Amino acid sequence: MLLEGKKALVMGLANNRSIAFGIASSLKAHGAALAFNYVGEAIKKRVEPLSAELGGEFTFQCDVCDDGQIDQAASLVKEKWGKFDILVHSIAFANREDLGHRFIDTSRKGFDLALEVSCYSLTALCRAFEPLFNDEASIITMTYLGSNKIVQGYNVMGVAKAALEASVRYLAYDLGPRGIRVNAISAGPIKTLAASAVSSLKDIFTHVAAHSPLKRNVTAMEVGGAAVFLASDLSRSVTGETIYVDSGFNKIGAV
């Protein structure tokens, strides 16, 4: 197993159809120990049974918009594990109304919220957990093609993901001297709770299946396979990258 003895913190598990669930399942299958965050009691009731199903060692409250909660989470992880090896950042949010109209109409508050949750949270977590990362640890975040191409209805989230990908590069530089790697996975469209907020989702699925080189959409477990590669020593010289897991759709031009 590629991750035997590794400890993985998975941030952003929502349900058993989420990308985070596919990644966590794959990490577990390769020997990693798991822990998960939640935000509030409603999400806790969903996360704890999933953690039990995946053999998670503990769960903890952490709202990434609250520096106090991030610091408390770091203290708890230190108490439970000491240090750890893998951070999965699968966190994004934008107000539904900011995805349902023209990008130009995005509110200031909506813009700030999308960037704080979907982008800045990665930097905040890396800063808080930096003393707890083992040397040659791996940090993995999730992005999407809408960061550098126009995807109808993705709007402010595309801007947030563009900032996230830039953050990956700068974090990779800052953490690189210890061998810590920071990478993003750009997954193809997957039917998750978060994706349901994008109005053009149904058309995107059909388009990818029809026009991608592999002529199909991807699954959360396939994204999990890429995460195992990035979390393992097989990718110990890969950092600052955005890895596409989208059936090759990002390479297609006009169709």
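Going by the structure above, here's the rest.
Here goes a summary of the coordinates provided. (Residues numbered from 1 in each chain as written. Predicted model: local features only at pLDDT ≥ 70, side-chain atom pairs only at ≥ 80, totals over all residues. Heavy atoms only, no water.)

The subject of this paragraph is the overall build of the chain. The helix and strand inventory of the chain stands at seven helices and seven strands. Along the three orthogonal principal directions, the C-alpha set of the chain runs to about 50 × 40 × 35 Å. Buried positions account for 52% of the 255 residues belonging to the chain. Accessible area of the chain: about 11800 Å², with a carbon and sulfur share of 54%. (Helix = DSSP H or I, 4+ residues; strand = E, 2+ residues; numbered from the N terminus. Buried < 20%, exposed > 50% of the residue type's maximum accessible area, 1.4 Å probe, protein only. Areas by Shrake-Rupley, 256 points an atom, 1.4 Å probe, with all protein chains shown as cover.)

What follows is about unusual backbone geometry. Positive phi outside glycine occurs at K215, with the angle close to 55 degrees. Take K215: it is sitting in the loop between α6 (201–211) and α7 (220–231). A positive phi is found at S247, a non-glycine position, where the angle reads about 60 degrees. Counting through the fold element by element, S247 comes out in the segment after β7 (242–245).

Axes are the key here: two packed helices are described by the angle between their axes and the distance separating the axes. Direction vectors running N to C along helix α3 (residues 67–81) and helix α4 (residues 108–129) enclose 40 degrees, while the axes themselves pass 9 Å from each other. Classified by the angle their axes make, α3 and α4 are oblique. Relative to α4, the crossing made by α3 is right-handed. Side by side, α3 and α4 meet where I70, D71, A73, A74 and V77 of the first sit next to A124, L125, A128 and F129 of the second. For the contact of α3 with α4, a count of residues per class yields eight nonpolar, no polar and one charged. (Axes fitted to C-alpha atoms, helices over the stretch in contact; angles between N-to-C directions. Parallel < 35°, antiparallel > 145°, perpendicular 65-115°, else oblique. Left-handed = near helix turned anticlockwise from the far one by under 90°. Contact = heavy atoms within 4.5 Å. Nonpolar A, V, L, I, M, F, W, Y, C, P; charged D, E, K, R; others polar.)

A word on the packing of aromatic side chains. What characterises a pair of aromatic rings is the spacing of the ring centres plus the angle enclosed by the ring planes. Summed over all chains, the structure comprises six aromatic pairs. An angle of 40 degrees between the planes, with centres 6.4 Å apart, marks the rings of W81 and F84 as tilted. Each member of the pair, W81 as well as F84, carries the same accessibility label: buried. Here F84 and F129 contribute two aromatic rings whose centre-to-centre distance is 5.6 Å and whose plane-to-plane angle is 90 degrees, an arrangement assigned as edge-to-face. You can see F84 sitting in strand β4 (residues 84–89) and its partner F129 sitting in helix α4, a full 45 residues away along the chain. Looking at F129, the relative accessible area reads 0%, which means it is buried. (Phe/Tyr/Trp six-rings, centres within 6.5 Å; stacked < 30°, edge-to-face > 60°.)

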